[in-house]
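# Fold and contact review
In case you want the letters, here they are:
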Amino acid sequence: MAGRLRRIGIVAVVALAAGTSGCALIGLLPNDSARLHQQAQADLTRWADAAAAAGNQSAFVPVGELTGQVGDWEEAVGNNNKPAVMAGLVEAAVSLSAEIPPDGELRWQGGSTATVRLISAQQALSELKTDANGSSCPECVPLEITGARLTSGPIDTSRGPAQAPVWEFTVQGTAVRVTRVAIADRVTVVPPPWDSSDPPAGISIDSATGTVGGWQLTVDFTGAPDPGSQPCGADYTAEALESPTAVVVIVTEHLHSAFGEACTDVGAIRTAVVELAAPLGERVVLEVRQGLPVPVLLTP
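Below you will find a few notes about this structure. (Residues numbered from 1 in each chain as written. Predicted model: local features only at pLDDT ≥ 70, side-chain atom pairs only at ≥ 80, totals over all residues. Heavy atoms only, no water.)

### Examining the overall build of the protein chain
Scanning the protein chain for helices and strands turns up three helices and 18 strands. Split into buried and exposed, the 300 residues of the protein chain put 44% on the buried side. Of all intrachain contacts in the protein chain linking residues separated by at least 6 positions in sequence, the fraction that spans at least 24 positions is 74%. As presented, the protein chain carries roughly 15200 Å² of accessible surface, and 54% of it is formed by carbon and sulfur atoms. (Helix = DSSP H or I, 4+ residues; strand = E, 2+ residues; numbered from the N terminus. Buried < 20%, exposed > 50% of the residue type's maximum accessible area, 1.4 Å probe, protein only. Contact = heavy atoms within 4.5 Å. Areas by Shrake-Rupley, 256 points an atom, 1.4 Å probe, with all protein chains shown as cover.)

### Description of the side chain of D43
Examined against the element boundaries, D43 turns out to sit in helix 1 (residues 32-53). Here D43 falls in the buried class, since its relative accessible area comes to 1%.

### So, the pairing of strand 11 (residues 205-210)
Walk down a regular strand and you will see the side chains alternate between the two sheet faces. Here four bridges tie strand 11 to strand 12 (residues 216-223), and the two strands are oriented antiparallel to one another. Looking across to strand 12, one finds that S207 is bridged to D220. The turn linking strand 11 back onto strand 12 is made up of five residues. Both strand 11 and strand 18 (residues 296-298) contribute to a ladder of three bridges, which runs parallel. In the strand pairing of strand 18, A208 is matched with V296. (Pairing = 2+ DSSP bridges.)

### Remarks on helix 2 (residues 75-86)
Relative to the 16 Å expected for twelve residues at 1.5 Å per residue, helix 2 spans 17 Å between its end C-alpha atoms, a close match to the ideal helical length. The positive-phi residue at the C-terminal boundary of helix 2 is G88, with phi of around 75°. (Expected span 1.5 Å × (residues − 1).)

In short, geometric facts, not functional conclusions.
Here it is, written out as structure tokens:
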């Protein structure tokens, strides 16, 4: 499709405590291990419930937002339109079709495909409005949708990047098109409400690499520098809690110094290998903090 389709969302950044000469590395307390295991078990339970609610038949597990856009907001409208979309403030200025299109195709980068049922343009706009992630914008002027067409665009899934059917909406007063994934059957999970006074523990993995029949996963995450390349830093190990439908990965940090040392570099991309009790199969991989799926790159 022409243009560039991007997901719209809010990325939560969890910062380490910073000092004047760098950032102090902070380790987990000993009793956090029990908390992490309880958290991971709750993640597995929520995912099992979500999979059961979807009929355990969906080939599509989205990672991240289902709403996106093609193009960049113009300066004259960006301050209104971006938060308006995130808050679900969109209204149809024309009659959108309620007719369900024929089945579409989901195609992964490796060439595998799945036939998927689709939703109507009317339903896609309704989902866009209700799936606002708790955002609000009382001062925003709602966007007016002037048309819709069924096309395709990139989407992140639990099995890596794919091309998926999407509804593309034109908007009054801008060249930007707002998009919504058009697939009907999908497994999604709603994490617990975020409590800033008691946030979930652990390190969230960003992605994983493995094979369907493999007993290992290599996970990527953001952590402290490798102590072999820095005067400070940390090593990491990983373990998995597993169910028939999902794998939750717990990453444990092992500080170079028991007292923590000032680092000039934080936010390093790190990896760890986790052993599985059974081959990955069709199971999804979840990060531990909110129990959300991450993309898995499947290698031969």
